[in-house]
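# Fold and contact review
Residue-level listing of the chains:
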Amino acid sequence: MIRSIKYFLNMINRGKLPELIDRFNNGELSAEELTGFQELLKANPRLRNEVMLDKELNEILADSDLLEFRKTILSVQKKRMQRKGPGLQSYLLAASLLLFIGIEIFLFMNNPRQNMLNRSVAVTNNQPAIKGVIPENNTVTEQINLKAPNERMGKISQKAKQAIAASFKTNPSLENIIGATRNAGAFKMEFPKMGARLSENKVIVFRWSMDKQAKNILRILDNSGSEVYTSELIEEKSYTLSPGILKTGLYYYKIMEKDEIVFFGKFYVE
Amino acid sequence: MIHYSDEKIISDIRENREGSISYLYKEFFTLIRSIVVKNSGNNEDAEDVFQDGLIVLFQKIRLEPFELNCSLKTFFFAVCRNIWLQRLDRKWRLHYQADFVKESANMYDPNSSGIDEEYLEKTRLCQTHILALPEDCQKILMMSFAKHSLNEIAESLGFKNASYAKTRKYLCKNMLRKRILNDPEYKIFFKYD
């Protein structure tokens, strides 16, 4: 009996897609699984692309000598850039930036009322509050810090801008789950605050309280919904993530107890 | 500046030493940049072409025996020029549906040179993303492709068990795939359908 597409969709929903792709490309699927997976590939061009990309990645990863050589080139390139220091263009850029900041300060000083209005708008555009989860008095601080990522991008290449903008794009289906918790009364997420902006170069501490002893798992998803990090079973009510694991972007996370989501939140890494 | 002989450069590249790569940059980068910039390119293009030129050189050198009929400088210059002309030709065709170098087809011959410019772009894109992954992800992926067992990976990285190493391996691979899929250059170089 050929396994149905539903079976594979179920696997994908359980985060098993990377494993399926890997096993497919390594020829490790059983005959029955293979037929079903091939059906799924026929129907899904995006999946087909992922599988093909994975195959190419396997070849590139297998050539460790070439990868090491690239590492050396990049290291030499980096040292060269550091030695070169800022060129005339950089000085011009810095001068324009200073001029821009000057104009901004001038406009701010001359229009304080409008700025106060902006602050109020920011406060009212708050995230939907999750009762009993985020202390009310923290919302103002959180929101005033919230600026569109575009405003902070400065002068960077168009390509990089597009990539950064894509990594901050909200995911409507995941946004809908935010706050949808089970055991809501018993669980309280203390940190990070909903929508917090965290630094890529610092440790990220997840801390919560709950009125019972339980083992949890922290799962972090990027804004495309793909799982990018899974903790081991956490016995304490906190978990520390080392710096550099998450790159710049918007992330969603869930605290799981067995197979149940006890909290679903989001944060930004900058 | 110390002068490196062709033999020294070749042996350094074969053994992946930084010295000769720095030397090649100092000696030839200005020349390569001028070719690229004079032919519709910019500084960023020149950096890419130079990097790709080094990759081609490495690939040729590691295939024994590597024999040169000219000086290494001439060879490297020809490789970089060839890469840039192919790249320009591809970009030109993309924008104008016409060959950029149709009147001077003898200037280079993509088939005889053995250089696949699009492959170089793809490899650069993927390798750059691999090397931008968190340190532990790079280690997991490299170790698993070097045929280390999951137990060995778990032990080396201080994971609780092989099962967790396996989960991390798939997550890292997935993270890598997503980052490449979200890269604006992905659609240009990976055309599967």
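Everything numeric in this text was worked out from a predicted model, so none of it was measured.

### Here's the deal with the interface of chain B and chain A
In many analyses, interface size is given as the accessible surface area lost on bringing the parts together. Each partner contributes residues to the interface: chain B has 38 residues there, and chain A has 43 residues. Contributing elements (two or more residues each) for the side of chain B that touches chain A: helix 2 (18-38), helix 3 (43-62), helix 6 (117-131), helix 7 (135-145) and helix 9 (162-181) of chain B. Top contributing element to the side of chain B that touches chain A by residue count: helix 9 of chain B, with 12 residues. Split into classes, the residues belonging to the side of chain B that touches chain A amount to 22 nonpolar, eight polar and eight charged.

### Some thoughts on the sheet that holds strand 1 (residues 187-191) of chain A
Residue and element names in this part refer to chain A. Sheet architecture is open: three strands sit in the order 1-3-6, paired in antiparallel fashion. Edge positions in the open sheet fall to strand 1 and strand 6 (238-241), since each of these has one partner strand only. Neighbour to neighbour, the strand axes of the sheet diverge by 20° on average, direction disregarded. In this structure, strand 1 lies alongside strand 3 (residues 204-210), joined through four bridges in antiparallel fashion. Directly across from Met-189, in strand 3, lies its bridge partner Trp-208.

### Focus on the confidence of the model for chain B
All names here are of chain B. Scored by pLDDT, chain B comes out at a mean of 85, with 87% of its residues at no less than 70. Within chain B, the lowest mean pLDDT, 47, falls on helix 5 (residues 110-113), and the highest, 94, falls on helix 8 (residues 150-157). Scoring of the predicted complex yields 0.60 for pTM and 0.89 for ipTM.

### Some remarks on the confidence of the model for chain A
On average, residues of chain A carry a pLDDT of 75, and 75% of them reach 70 or more. Confidence drops under pLDDT 50 across residues 116-155 of chain A; counting only partners more than four residues distant or on other chains, this segment forms 34 contacts.

### Brief notes about the nonpolar core
One finds A:Tyr251, A:Phe263, B:Cys172, B:Met175 and B:Leu176 to be the most contacted residues of the largest nonpolar core, which totals 43 residues. When residues in this core are grouped by element, the largest group, seven residues, is from helix 9 of chain B. Contact partners of B:Leu176, with chain neighbours within four places excluded, come to A:Leu57, B:His129, B:Ile130 and B:Leu133. Within the second largest apolar cluster, 26 residues are counted, among which are B:Ile9, B:Leu57, B:Leu72 and B:Ile115.

Criteria and cut-off values
Residues numbered from 1 in each chain as written. Chains lettered and ligands numbered in written order. Predicted model: local features only at pLDDT ≥ 70, side-chain atom pairs only at ≥ 80, totals over all residues. Contact = placed C-beta atoms within 7 Å. Helix = DSSP H or I, 4+ residues; strand = E, 2+ residues; numbered from the N terminus. Nonpolar A, V, L, I, M, F, W, Y, C, P; charged D, E, K, R; others polar. Pairing = 2+ DSSP bridges. Axes fitted to C-alpha atoms, helices over the stretch in contact; angles between N-to-C directions. pLDDT = per-residue confidence, 0-100. Core = buried A, V, L, I, M, F, W, Y, C linked by C-beta atoms within 7 Å. Buried ≥ 20, exposed ≤ 12 C-beta atoms within 10 Å, placed from the backbone.

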